[in-house]
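Spelled out, the chains give:
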Amino acid sequence: MTVTRSDAAGALRDIEQAQTRAGEMRGYRHAAPYLIGWGLIWAVGYTLMAVRPQPEWGWIWLPLDAAGIIGSILQGRSDNRGGTQAVANCGMRILLGVLFTALFMAATYVLFAPATVAPFIVFPGLIAGAIYVAIGLAWLPRMGWIGFGIFVLSMAGYLFFREWLLYWMAAVCGGGLMLSGLWLRNA
Amino acid sequence: MSAPDEIIHQSLRLKIMATLNVGCADGPMEFTRLRGLLKATDGNLGSHLATLEKAGYVTIDKDFVGKKPRTRVAITPAGAKAFRGHVAYLREVLDSV
């Protein structure tokens, strides 16, 4: 059997394409439960905000966020069973990522001091959308489309459906994340 | 120089092995998922998988989920080793003057 340089180059190109595609699909299946879980948390959190008085809002998110973080860490550990040491630290990286995102959002509120409550409601959607777009551009294209969708829908709620903003965020963004998770799970 | 692996070198079998080498990190891959990733037909994929199974490079398990039949494919350690060896050979060919 003779393999020319041209054959070898073509074969290596095929291998790279096949492995990239398989890696992407694997990434989608790993990302799916996070999106479904956080989508559910958003749907529940924003719905409770809509039906409860504003002073209680912080108490609504405290247990929900804690559940989301713990769930994400457990999912990360489950994903990395038998993995390398680098991926074994995934839980800690998720926790640090969530904490830094919360810090970034708090700093933004301090800097820009929104005069009404609506920007506080929409901002998590913009941040999540931006993070997913970044992941999409770097690794997983479908995540980019999901992030762009969440970003646009959050802004659309703010601009056109402000009276129903909490229900909008629960149904469209929370529900959208869950549907996106199902889409990725079947990738 | 390493030797080429004639079983793996065929175009679709090469893609099957490359896909399974990454995709089986979480366990066996369903036949339907593999078919979707490779955009191959049932018959073509099945025949090349049979060749790889005969060589001991993949395992094919058939079972039922409820009443629905399921076929799962996994790369074997021998298959992963042969694939790595063939990739090394291809790189050597490409780097040779």
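Residues numbered from 1 in each chain as written. Chains lettered and ligands numbered in written order. Predicted model: local features only at pLDDT ≥ 70, side-chain atom pairs only at ≥ 80, totals over all residues.

So, the overall build of chain B
Reasoning step 1: Looking only at helices and strands, chain B features five helices and three strands.
Reasoning step 2: When the helices and strands of chain B are placed in sequence order, the string is α-α-β-α-α-β-β-α.
Reasoning step 3: Each principal axis of the C-alpha atoms in chain B carries an extent, and together these give about 55 × 25 × 20 Å.
Reasoning step 4: Here chain B holds 97 residues, and the buried ones make up 34% of them. (Helix = DSSP H or I, 4+ residues; strand = E, 2+ residues; numbered from the N terminus. Buried ≥ 20, exposed ≤ 12 C-beta atoms within 10 Å, placed from the backbone.)

Structural notes on helix H1 (residues 5-51) of chain A
Reasoning step 1: With 47 residues, H1(A) should cover 69 Å at 1.5 Å per step; its first-to-last C-alpha distance of 68 Å lies within 8% of that length.
Reasoning step 2: Maximal helix bending in H1(A) amounts to about 30°, located at A:Ala31; proline A:Pro33 follows within four positions. (Expected span 1.5 Å × (residues − 1). Bend = angle between axes of the 7 residues up to and from the residue.)

Remarks on the interface of chain B and chain A
Reasoning step 1: Counting from both sides, the interface comprises 18 residues of chain B and, opposite them, 16 residues of chain A.
Reasoning step 2: Counting residues per element, the ones that place at least two in the side of chain B that touches chain A are helix H1 (6-9), helix H2 (11-23) and helix H5 (77-95) of chain B.
Reasoning step 3: Sort the elements by how many residues they give to the side of chain B that touches chain A and H2(B) lands first, with eight residues.
Reasoning step 4: Its residues placed into classes, the side of chain B that touches chain A shows ten nonpolar, five polar and three charged. (Contact = placed C-beta atoms within 7 Å. Nonpolar A, V, L, I, M, F, W, Y, C, P; charged D, E, K, R; others polar.)

Brief notes about the confidence of the model for chain B
Predicted coordinates in regions of low pLDDT should not be interpreted in detail.
Reasoning step 1: The pLDDT averaged across chain B works out to 93; a share of 98% of its residues lies at or above 70.
Reasoning step 2: Two numbers describe this predicted complex: its pTM, 0.83, and its ipTM, 0.89. (pLDDT = per-residue confidence, 0-100.)

Some points on the nonpolar core
Reasoning step 1: Residues A:Trp42, A:Met169, B:Met17 and B:Leu20 are the most contacted members of the largest nonpolar core, which totals 57 residues.
Reasoning step 2: Broken down by element, this core gets its largest block of residues, 15 residues, from H1(A).
Reasoning step 3: In this structure, B:Leu20 is in contact with B:Met29, B:Val58, B:Val73, B:Ala74 and B:Ile75, ignoring residues within four places of it in sequence. (Core = buried A, V, L, I, M, F, W, Y, C linked by C-beta atoms within 7 Å.)

Some details on the environment of A:Trp183
Residue and element names in this part refer to chain A.
Reasoning step 1: Along the polypeptide, Trp 183 turns up in helix H7 (residues 165-185).
Reasoning step 2: The exposure class assigned to Trp 183 is partly exposed, which follows from the 15 C-beta atoms found within 10 Å.
Reasoning step 3: In the structure, Trp 183 is positioned 154 residues away from Arg 29 in sequence and 9.3 Å away in space, judged by C-alpha atoms.

Digging into unusual backbone geometry
Reasoning step 1: If you check the backbone angles, A:Ala113 has positive phi at about 35° while not being a glycine.
Reasoning step 2: By C-beta crowding, A:Ala113 is classed as exposed, having 8 other C-beta atoms within 10 Å.
Reasoning step 3: Look at B:Lys39: it is not a glycine, yet its phi comes out positive at around 50°.
Reasoning step 4: Along the chain, B:Lys39 turns up in the loop between helix H3 (31-38) and helix H4 (42-54).
Reasoning step 5: Judged by C-beta crowding, with 9 C-beta atoms within 10 Å, B:Lys39 ranks as exposed.

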